[in-house]
Amino acid sequence: MKKIGVLTSGGDSPGMNPAIRAVVRKAIFHNVEVYGIYGGYTGLISGNIKKLELGSVGDIIHRGGTMLHTARCPEFKTPEGQQKGIEQLKAHGIEGLVVIGGDGSYRGARALTQHGYPCIGVPGTIDNDIPGTEVTIGFDTALNTVIDALDKIRDTATSHERTFVIEVMGRDAGDLALYAGLAGGAETILIPEEGYDMAEVTDRLRKGQERGKKHSIIIVAEGVCNGNDFAKQLKEATNFDTRVSVLGHIQRGGSPTAADRVLASRLGARAVELLIEGKGGRAVGIEKNSLVDYDIVEALERKHKLDLDLVKLSKELSI
Ligand code: F6P
């Protein structure tokens, strides 16, 4: 393989830049040319493709976002869109593609693989919900962003003896809410995988109050309920002085943590190795701190599993 491409797709995540850097530098180290595809699958379809050099990825290791930009591309879900993408890759002589993104991006990479085009999926999303890896690029940074906000909110919650509802991202996956709740000592964590029972939530909060708790923090993953709606229901059911903070897209930005930079460097470089070895149609990941790769079709058929022990632990510790 003498020419490969790299793109980022879907919601950005901190660590995509170090992953791009790793792909480019590893490929050039092995005398393989690298082409950056700008704007995800949208840029692939329109041919927004430029050659990248060693210097193109200088000074990005510490930056959030993605220098290649990203997009959600409905057209690439269609066979016609996929065909246009393949034509662009062929026109540029690009023989293999590294796709950095979440599950939607993986589905695009799977489609290209099924059309016979070698692709490698690299898991990049703050949601941590990609099968075939224990952790995704961006999760650690987003988690630390949430914790930073939560600690600050805790200060004012204590001063005013208030209940705070903090809404975090996670449409289908509760990892961010769960880990943040555990690391931030939240009283209640609501995740899409479990749903919630308002009577149970208020009962827990009341018991805490009776034991002398002056404030409470409730983490709500956006996929389970809108934070403002939840706070409204809570106010109706109790007399708690309640405030809401919706953290929103600040969770997607910021300089990647050291853990995310290392993870991104390892996964990006491994993706290139696989293409060089002629192994297309794989998804790379990390398990027990070792690099792994799975057939991308199989990887998508697996289900990301929430750590149920952590759910149990969070309940035991937040009494
Ligand atoms: O998939 C990552 C994610 O940040 C989800 O947690 C969130 O629901 C979604 O993207 C938001 O997407 P957008 O930025 O397109 O509104």
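It should be noted that the structure appears before, not after, this text.
Comments concerning a negative patch on the surface
- Together, Asp103, Asp172, Glu193 and Glu222 give the surface a local cluster of negative charge.
- As for its placement among the helices and strands, Glu193 is situated in the loop between strand 7 (188-190) and helix 7 (198-210).

Here we look at the site of the ligand
- Within the structure, the ligand sits among Arg72, Ile126, Asp127, Met169, Gly170, Arg171, Glu222, His249 and Arg252.
- Interatomic distance of 2.9 Å between a side-chain N/O atom of Arg72 and an oxygen atom of the ligand.
- In the model, an oxygen atom of the ligand is placed 2.9 Å from a nitrogen or oxygen of the Arg252 side chain.
- Contact with the protein chains covers 77% of the free accessible surface of the ligand, which is 400 Å².

Quick look at the nonpolar core
- Core analysis: the biggest nonpolar cluster contains 30 residues, and Ile4, Val6, Met67, Val98, Ile100 and Val122 have the highest contact counts within it.
- Ignoring anything within four residues of it in the chain, the contact list for Met67 reads Asn17, Ile20, Tyr38, Leu52, Ser56, Val57 and Ile60.
- By size, the runner-up hydrophobic cluster in this structure holds 28 residues, among which are Val146, Ile147, Ala157 and Val311.

Notes on the sheet that holds strand 5 (residues 119-123)
- Strand order across the open sheet formed by seven strands is 3-2-1-4-5-10-11, with mixed pairing between neighbours. The open sheet has two edge strands with one neighbour each: strand 3 (49-52) and strand 11 (290-295). With direction set aside, neighbouring strand axes in the sheet form an average angle of 30°.
- Those strands touched by helix 9 (residues 258-276) are strand 1 (3-8), strand 4 (96-101), strand 5, strand 10 (282-287) and strand 11, and its axis lies near 145° from that of strand 10.

Some words on the sheet that holds strand 8 (residues 216-221)
- With parallel pairing, the four strands of this open sheet are ordered in space as 7-8-6-9. Here the strands that pair on one side only, and so sit at the sheet edges, are strand 7 and strand 9 (242-246). When the angles between neighbouring strand axes are averaged without regard to direction, this sheet yields 15°.
- Direction of pairing for strand 6 (residues 163-168) relative to strand 8: parallel, over a ladder of six bridges. Residue pairing across strands places Ile166 opposite Ile219, the latter belonging to strand 8.
- Helix 5 (residues 139-160) contacts strand 6, strand 8 and strand 9 of the sheet and is inclined by roughly 165° relative to strand 6.
- Where helix 8 (residues 227-237) meets the sheet, it contacts strand 6, strand 7, strand 8 and strand 9, and its direction lies at approximately 170° from that of strand 9.

A few points about the packing of aromatic side chains
- A complete count under the given rule lists three aromatic pairs for this structure.
- Residues Tyr41 and Phe76 carry aromatic rings whose centres are separated by 4.1 Å and whose planes lie at 10° to one another, so their mutual orientation is stacked. Remark: Phe76 occurs in the loop between strand 3 and helix 3 (79-91) and Tyr41 occurs in helix 2 (residues 40-46); sequence separation between them is 35 residues.
- A residue is classified by how much of its surface remains accessible, and Phe76, at 3% relative accessible area, is buried.
- Where Phe139 meets Tyr179, the ring centres are 5.3 Å apart and the plane angle is 90°; that geometry is what we call edge-to-face. Placement of the pair is Phe139 in helix 5 and Tyr179 in helix 6 (residues 175-184), with a sequence separation of 40 residues.
- Given the relative accessible area of 28%, Tyr179 is considered partly exposed.
- Directly above the ring of Tyr38 sits Lys50, whose terminal nitrogen or CZ lies 4.6 Å from the centroid.
- Between Arg302 and the ring centre of Tyr294, over which it is positioned, the NZ or CZ distance is 4.0 Å.

What to know about unusual backbone geometry
- Located in the positive-phi region is Asn128, a residue other than glycine, with phi close to 55°.
- Along the chain, Asn128 turns up in the loop between strand 5 and helix 5.

Observations concerning the pairing of strand 2 (residues 33-37)
- Counting buried residues in strand 2 gives four out of five residues, a clear majority hidden from the surface.
- One ladder, built from four bridges, connects strand 1 with strand 2; its direction is parallel. Within strand 2, the residue paired with Gly5 across the bridge is Tyr35.
- For the crossover that starts at strand 1, traverses helix 1 (residues 16-29) and ends in the parallel strand 2, the hand is right-handed.
- In terms of strand pairing, strand 2 meets strand 3 through four bridges, oriented antiparallel. Counterpart to Tyr35 in the pairing with strand 3 is Lys51.

Comments concerning helix 3
- For helix 3, built from 13 residues, the straight-helix expectation of 18 Å at 1.5 Å per residue is met to within 8% by its first-to-last C-alpha distance of 18 Å.
- Of all the residues in helix 3, the buried ones are Gly81, Gln82, Gly85, Ile86, Gln88 and Leu89. Seen from one end, helix 3 has its buried residues packed into an arc of 160°, which puts them on one side. With respect to the buried face of helix 3, the exposed residues turned more than 90 degrees away are Pro79, Glu80, Glu87, Lys90 and Ala91.
- On its buried face, helix 3 is in contact with strand 2, helix 2, strand 3, strand 4 and helix 4 (103-114).
- Once helix 3 finishes, Gly93 follows within two positions and takes phi at roughly 70°, a positive value.

Rules and cut-offs
Residues numbered from 1 in each chain as written. Predicted model: local features only at pLDDT ≥ 70, side-chain atom pairs only at ≥ 80, totals over all residues. Heavy atoms only, no water. Patch = residues over 30% accessible without salt bridge, like charges linked within 9 Å, V, L, I, M, F, W, Y side chains within 5 Å. Areas by Shrake-Rupley, 256 points an atom, 1.4 Å probe, with all protein chains shown as cover. Salt bridge = Lys/Arg side-chain N within 4 Å of Asp/Glu carboxyl O. Lys, Arg positive; Asp, Glu negative; His and termini not counted. Charge placed at Lys NZ, Arg CZ, Asp CG, Glu CD. Helix = DSSP H or I, 4+ residues; strand = E, 2+ residues; numbered from the N terminus. Near = heavy atom within 4 Å. Polar contact = N/O pair within 3.5 Å; in protein donor to acceptor, adjacent residues only side chain to side chain. Core = buried A, V, L, I, M, F, W, Y, C linked by side-chain atoms within 4.5 Å. Buried < 20%, exposed > 50% of the residue type's maximum accessible area, 1.4 Å probe, protein only. Contact = heavy atoms within 4.5 Å. Pairing = 2+ DSSP bridges. Axes fitted to C-alpha atoms, helices over the stretch in contact; angles between N-to-C directions. Phe/Tyr/Trp six-rings, centres within 6.5 Å; stacked < 30°, edge-to-face > 60°. Lys NZ or Arg CZ within 6 Å of the ring centre and 35° of its normal. Right-handed = clockwise from strand over helix to strand, strands pointing away. Expected span 1.5 Å × (residues − 1). Arc of directions from axis to C-beta.

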